[in-house]
Protein chains: 2
Amino acid sequence: MNDLRFLLNPKSIAILGASSDFTKINGRPLKYLLDKGYAGKIYPVNPKYREIGPLQCYASIDAVPEAADLAVVALPAQFVAQALRDLGRRGVKSAVVFSSGFAEIGEAGRALEREVIAAAQAAGLRLCGPNCLGLINAFDRVIATFGQFADGETPAGPVAFVTQSGAFGTAIAALARRRGLGLGYFVNTGNEGDVDFVGVMRAVLDDARITVGAGYIEGLKDGRGLMALAEQALALGKPLVLTKVGRTRAGARAAVSHTGSLAGADEVFDGVIRGGGIIRARNEEHMLDMVEALANCSLPGGRGLGIITQSGGAGVLMADRAEELGLNVPVLDPATQQALRPVVPGFGATGNPVDVTGQFIAEPGLLREAMNIVLSDPQIHVGIIWLQLMEAHVDTLVGMFEEIKARAAKPFIVCWVAAPDQALRALRERGIAVLRGAEPAVDAAAALAGYAEVRRGWLADKEARAALITHASSPSRLSGSGHGGGAVPTVAAAQWLNEYGVTTARVQLARSAEEAVMAAAALGYPVALKIESPEVLHKTEVQGVALQLTDADAVRQAFAVVIANVKRHEPRARIEGVIVQPMLQGEAELVVGLQNDPVFGLVVMAGLGGIHIEVLKDVAFRKAPVTPTEAGRMLDELRGRAILDGVRGRAPVDRAAVARLISAVSCFGAAETRLKELDLNPVFAGPDGAVAVDWLMVLD
Amino acid sequence: MNDLRFLLNPKSIAILGASSDFTKINGRPLKYLLDKGYAGKIYPVNPKYREIGPLQCYASIDAVPEAADLAVVALPAQFVAQALRDLGRRGVKSAVVFSSGFAEIGEAGRALEREVIAAAQAAGLRLCGPNCLGLINAFDRVIATFGQFADGETPAGPVAFVTQSGAFGTAIAALARRRGLGLGYFVNTGNEGDVDFVGVMRAVLDDARITVGAGYIEGLKDGRGLMALAEQALALGKPLVLTKVGRTRAGARAAVSHTGSLAGADEVFDGVIRGGGIIRARNEEHMLDMVEALANCSLPGGRGLGIITQSGGAGVLMADRAEELGLNVPVLDPATQQALRPVVPGFGATGNPVDVTGQFIAEPGLLREAMNIVLSDPQIHVGIIWLQLMEAHVDTLVGMFEEIKARAAKPFIVCWVAAPDQALRALRERGIAVLRGAEPAVDAAAALAGYAEVRRGWLADKEARAALITHASSPSRLSGSGHGGGAVPTVAAAQWLNEYGVTTARVQLARSAEEAVMAAAALGYPVALKIESPEVLHKTEVQGVALQLTDADAVRQAFAVVIANVKRHEPRARIEGVIVQPMLQGEAELVVGLQNDPVFGLVVMAGLGGIHIEVLKDVAFRKAPVTPTEAGRMLDELRGRAILDGVRGRAPVDRAAVARLISAVSCFGAAETRLKELDLNPVFAGPDGAVAVDWLMVLD
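Everything numeric here is computed off the predicted structure, so don't read it as measured data.

Calculation notes
- Residues numbered from 1 in each chain as written.
- Chains lettered and ligands numbered in written order.
- Predicted model: local features only at pLDDT ≥ 70, side-chain atom pairs only at ≥ 80, totals over all residues.
- Heavy atoms only, no water.
- Contact = heavy atoms within 4.5 Å.
- Buried area = accessible area lost by both parts, 1.4 Å probe.
- Salt bridge = Lys/Arg side-chain N within 4 Å of Asp/Glu carboxyl O.
- Polar contact = N/O pair within 3.5 Å; in protein donor to acceptor, adjacent residues only side chain to side chain.
- Helix = DSSP H or I, 4+ residues; strand = E, 2+ residues; numbered from the N terminus.
- Nonpolar A, V, L, I, M, F, W, Y, C, P; charged D, E, K, R; others polar.
- Domains from an automatic or database assignment.
- 1 Å grid on protein atoms, 1.4 Å probe; cavity = no way out; pocket = protein on both sides within 12 Å on 5 of 7 lines; lining within 4 Å.
- Points joined across faces, edges and corners; volume = space filled by probe spheres on them.
- pLDDT = per-residue confidence, 0-100.

With 64 residues of chain B in contact, the opposing surface of chain A contributes 64 residues. Summed over both sides, the interface of chain B with chain A buries roughly 5,100 Å², with 56% coming from carbon and sulfur. Among the residues of chain B in contact with chain A, Gln148(B), Asp320(B) and Arg648(B) are the three that bury the most area, contributing 11% of the side total. One can count 4 salt bridges joining chain B with chain A. Where Arg282(B) meets Glu324(A), a salt bridge forms, and the shortest distance between an N and an O atom there is 3.1 Å. Linking chain B with chain A are 16 residue pairs in polar contact (both at pLDDT 80 or more). Where the side of chain B that touches chain A is concerned, the elements lending two or more residues are α5 (166-178), α9 (284-296), α10 (312-324), β17 (382-388), α16 (438-460) and α21 (611-614) of chain B. Looking at which element gives the most residues to the side of chain B that touches chain A, the answer is α10(B), with 10 residues. Of the residues belonging to the side of chain B that touches chain A, the class tally is 29 nonpolar, 16 polar and 19 charged.

As structure tokens, this is what we get:
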């Protein structure tokens, strides 16, 4: 459990300023540790008392008989730094600092916080906080918190929950408890002066008793750390579900490059973590719905959902939701339907959803038979059973679900609407996921199927990923070859991109009208002319582009017009000439770009061109580099992806070629560290491949 | 309460085949009526008993001393028709038929159901069912159901709930009860042999004790009835919230016309009910979230949301959701922020969301002060207070919320996560909406604001609506003027549309190349030629279109090519000539159409053209006719609506002109009853107006 083991699993805990009033902030942890049976040593420190409850109390940290693994600090802000120095001197290894009055109150607090961090570093202490509720390790009954959550039961379980917010985190933890979802860890990282969300999550996922990570975050500095965490979670096969707020505001953040301005940073976050196999929840309930399934169910082998219901309507609602989430609700095999027929009443349905009708109230056994049959269908990978109320039949039903669970190799979820409390308790004790409504149940099933697929894909893509990294770490010959900062000339940029496998339109620089005519003849008509100037980044804005030129006269005339236009619009621009390139056609127009994200570093973006990107913001992001397989997933995420399959009589495009181009661009970005911005817009894609038609490359 | 009063509020109830076993289907209603204190007369009918419990039992319906208002029928299917005839003879006015074995089991059942319906009609009986759970009128303690829901308390309240599904409806009713949401009516309409969802909802909304309608539907035959219900609900100022399943499947239904094939019937339903002011819920919880707010809160005067929270993160999550739903979260007035400063701790926030921080746990009064100040801000129309747990402070907090409610003229919603049960009960008893999570709370606030806006708009648009109806009921001179069925010739269709105020491109029919040249000269170059043939509905598919013709030669040549192309592709087509029209330009391309929906009759569709409609299915529907204001709302619903505001340097289009065109098209359709299909595709819109460039009009 790396270097946070003293923080997360201390064998001894000192409580500075411990109070005998167990309702106070510095009395509560003491009470919790005693009540919940912490097995380690507890050292209250307070000169006012000789003892507190059954414990001896010490006048100072120096009086404590050993160097405690963890100290709980709830002193006023201005005393915290000194306290940490004292703790360090005594050899204490870590501290939880509840105290507020730091960065959250403004500049004065920030100064104080810097002092506290420096003191902790100097003292070699790992620090949780300041301004945090503290932490719980429920396995080992470490209750180093004053939060309301600990007032109730804190049973251990396979879920680790780490939260940047104290208040919201407490609410989420309480909701998890109501579901019988045991939180092995509850950690509130507060101001993250030292340990942060990523560090804590990495440590707790390493605990073999944890099988699922759940997190609530508001902001993230260490994007690279998050990606390392994601990789670790995938390697361990432990799903990680995050709620991050700020979905809509992020758009307001300034973005440097052109492509960056199209998508807010939250979209970057969303795409990047998806690429890392992290599951994003839209709110607290959604997160817990998914966590409940992930903690209780095995992973399905595919996306086939079998639905058993006593209400046709609920079945339709679940089928609706399944379609929205990309799950299949396949019509069951004829053999399966045949087997169901003696079980399901005549006016029920055997197709899928399977409707056992109200008859099931009289004969609850129907449900077990039906579920066993449905789960045996080869197209079905995960099941949902929908029922409601049934106050009078709780024991029978619980027993039945237990039997199904014992027998079935495939996972299933119970959706029990308005369930009696004892039913929920009994099912959860038996490790059966039980959700409150039809949509949450399908959301949870989709999380199971989606995570299973992501992990399979991650395992399958391992070699390709390793190859990428090798590739990305070997920059090309060109990288040091004398380009200054700013925009790279078009022809040089093309050569450089080609070297990475990015196909670009053929281009020639022409310094005179006659050179342009010669270039056009060499490239083949019709051609386009585009101004070439280091000062002109957006060529159409200065009327620096002429298209569809079909003969030498047109080229000559266009050359003069383009040069004149640019001189008029940008009198100071140094004009190198014009770029001549053949006119190309594609079935679909894309935009591919690289940008430097302040959190994640270099990210690659892909989207459909034109209104898709400008109006609909239909783009996908990933941390660069990406494998072609992962790039293909980016395309799958686009709302307008049907364009790539051919619409209005157009041919389908070569998606693999587009994916390879995206991957190649991402490798370029990962290797060429001087790159500031790269924007291929448009990229034309057709049945025969994908080619960049215009590009802007800017170096630092 | 019209002609369903005997069904919904009977003064006397006969129970055919009543059982003394109160666990049986025909024993349960008797038990419920007795237990819950029905004040009318109860007449058990069963020759097997002299009495059941405290009641005399009658050997037959004829032996009952009066003609009961309502009879409960739970006989086997084959005996139901005769029973209804007997009831009719005795003068009984209505019946609830629980019995199943009718249309739901297939053809044999359908025949039996037709017999039952005929028997009821002949007997002058209103019939609920067959195959239904029955109904509850909780105000008058009419419990004519055998459903599980009646096993618990069924307190009366301002919500009427009507459901087509028995099982799902029971679940929803049970969830409503858990929220303390009183259902004045619970009616399951089952197979709807006679009374249907619409009829029941119309009747119960007329009850002054009902303020909100909630419904669950799976399918609807009487779309016009639903629209009449919507109008009634708006006139009464009683919001109507519906859950309809089948959101994604509907796309599979065959649609006759071209535009119809682009949007499934569920999209039609969605647009049409929105136009009728009905609120659609996506699932049962979402419906109850909105109903809870609508039943407890006054209507806000605008879309300004004030958020008070003890967690910054929850505030961000609510702001995210508010933005998604089109609510404003305005920065509070400087004066409001000034007033908040002494109340909110220094490290809290006063902008909006207002964060009172964890300090509120020590000083709960903060919350009351802050809420009163926020609600007094002129930009704020509805408030949400977010808190969590607070087990120890329930009484204080409940008292506080009660004070806020007493004092505030503006509505507010409490979002109390992981709330103690007694807090929920106490708040609901006091008529305070309290929701379980941040997103549901914002959903509910958005429903309040949205409904308020819809109703204000409906009141304001009253005269325009009345004018439309007058207009629509006076068909034009042209309607009888000799067009046979099938496609109307282009020029005639244009004249006809123009008469209704629909602007079309100028068109002339040319029967020869020379006529085409003359027409082009008259219309002005460049022009387009399009084949004119009653057999050719899709002109580009037969290469029957030539665009951008700039001179007489080009026109002559194109004429020959177009005619030859069509003769090759469609040798049997009668060719009338070609249509000549000037080439037009627009900043945005739209599609406007009319189609006959099997449920709602004539509906008008509007969408953005090209990939928006073909790939993204970005269209809006309304029942025709619509006012220009309502047509403007259709444009507001388009995901790509930003196109209309001008993108890529284009000028914004005249939205009012587009809305007028849509309204004019809808009036055309409403008046011209022979119309089968009308498709304007494309319509070009620009800063100076909107004009149809191509149109296809088909008559019956």
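Anyway, onward from the coordinates.
Moving on, we get to the domain arrangement of chain A. All names here are of chain A. The domain boundaries assigned to chain A delineate domain 1 (5-218), domain 2 (299-458), domain 3 (506-582) and domain 4 (588-699). Using C-alpha coordinates to define each centre, domain 3 is positioned 26 Å away from domain 4. Between domain 3 and domain 4, the residue contacts involve 5 residues of the former and 4 residues of the latter. In total, about 390 Å² of surface goes out of reach between domain 3 and domain 4, with carbon and sulfur atoms giving 58% of it. Taken together, the links from domain 3 to domain 4 amount to 2 salt bridges. When the shortest N-O distance is used, the salt bridge between lysine 539 and aspartate 694 registers 3.8 Å. Looking at the side of domain 3 that touches domain 4 residue by residue, the classes come out as 2 nonpolar, 1 polar and 2 charged.

To continue, consider empty space enclosed by the protein. All names here are of chain B. Inspection of every chain in the model, using the stated rule, returns 4 cavities of 30 Å³ or more. Quantified by volume, the largest cavity comes out at close to 50 Å³. Every residue lining the largest cavity is listed: Phe149, Thr154, Pro155, Ala173, Ala176, Arg177, Leu181, Gly182 and Leu183. At 3 residues, α5 tops the list of elements feeding residues into the lining of the largest cavity. Its residues assigned to classes, the lining of the largest cavity comprises 6 nonpolar, 2 polar and 1 charged.

Residues and elements named next belong to chain A. Counting all residues, the mean pLDDT for chain A is 91, and 95% of those residues have values of 70 or more. Considering only residues more than four positions removed or in separate chains, one finds that residues 249-264, a stretch of pLDDT under 50, has 28 contacts. Here the predicted complex scores 0.93 on pTM and 0.91 on ipTM.

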